[in-house]
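# Examining the three-dimensional arrangement
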Amino acid sequence: MTRLSYRDATRDDLAFIVGLMVKDSVVATDDLPDQPHHPSYLAAFDAIATDANQRLVVAELDGAPVGTIQLTFIPGLYRLGMWRGLIEAVHIIPSQRSKGLGGEMIQLALDQCRERGCGMAQLTSNKKRLDAHRFYERLGFQKSHEGFKFYF
């Protein structure tokens, strides 16, 4: 049974989304949760909102925002042109964790990927997030690759 409702994020959601991501971070960032309408956030939001291969979603419970997730649909040549769904920025407010809502959010993401014709969905999770790793494995995700990042 789905308890959450979903909608595309708006600029008015930036305070909720940025605040949630910063509070949930396991690494230090240069984010500005007290300035959710900073020009950099607005530019990033506009780029996401106008890209047909992006979706930034707010999950609501009884009309109140409780989570967010970003989906990116990636075309590729490998495996006969298989599309991939990239699931990122999966966050739910602390008071609603361990209630099955995160699983509902991931199911939405997987459904969206299937609807877009993706042959797989992938995500990364910080190595420090062991609870998240167990969560994703329970949902059927496989640890198949080692991830690397290069920051500028």
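On a predicted model such as this, the values are computed, not experimentally measured, just so you know. Sequence order as written defines the numbering, with residues in each chain counted from 1. Totals for whole chains, interfaces and linings use every residue, but because this is a predicted model, local features are given only for residues with pLDDT of at least 70 and side-chain atom pairs only at 80 or more, for both listing and counting. To get the side-chain values, take all heavy atoms of the structure and skip hydrogens and water.

### Re the pairing of strand β5 (residues 118–123)
Bridging between strand β4 (residues 83–92) and β5 involves five bridges; their strand directions are parallel. Paired with Gly-85 across the bridge in β5 is Ala-121. Here a crossover is taken to be right-handed if, once the strands point away from the viewer, the path from the first strand over the helix to the second is traced clockwise. The secondary structure listing takes helices from DSSP runs of H or I that are at least 4 residues long and strands from runs of E that are at least 2 residues long, numbered from the N terminus. Chirality of the crossover, the property in question, places the unit of β4, helix α4 (residues 101–115) and β5 among those that are right-handed. Strand pairing is assigned whenever DSSP identifies at least 2 bridges connecting the two strands.

### Some words on the packing of aromatic side chains
Classification of ring pairs uses Phe, Tyr and Trp, with its six-membered ring standing for Trp, and accepts pairs whose centres are within 6.5 Å; under 30 degrees between planes counts as stacked, over 60 as edge-to-face, and the remaining range as tilted. Here the structure, examined in full by the defined rule, presents three aromatic pairs. Judged by centre distance (5.8 Å) and plane angle (70 degrees), the rings of Tyr-136 and Phe-141 are edge-to-face. The same class applies to Tyr-136 as to Phe-141, namely buried. By the ring-pair criterion, three or more aromatic residues cluster together here, those being Phe-135, Tyr-136 and Phe-141. Each residue gets one of three labels from its accessible area relative to the maximum for its type: buried under 20%, exposed over 50%, partly exposed in between, using a 1.4 Å probe on protein chains only.

### Side note on the sheet that holds strand β3 (residues 64–74)
Adjacent strands of a sheet form backbone hydrogen bonds with each other and so pair up, either parallel or antiparallel. The strand order β1-β2-β3-β4-β5 describes an open sheet built from five strands, whose pairing is mixed. Taken across any chain shown, the strands that pair with only one partner, and hence form the sheet edges, are β1 (5–8) and β5. Adjacent strand axes in the sheet meet at a mean angle of 30 degrees, parallel and antiparallel pairs treated alike. Pairing of β3 with β4 involves seven bridges; the strand directions are antiparallel. Its bridge partner lying in β4, Gly-67 is registered against Ile-92. What counts as an axis is a line fitted to C-alpha atoms, over the stretch in contact for a helix, and the angles between N-to-C directions run from 0 to 180 degrees.

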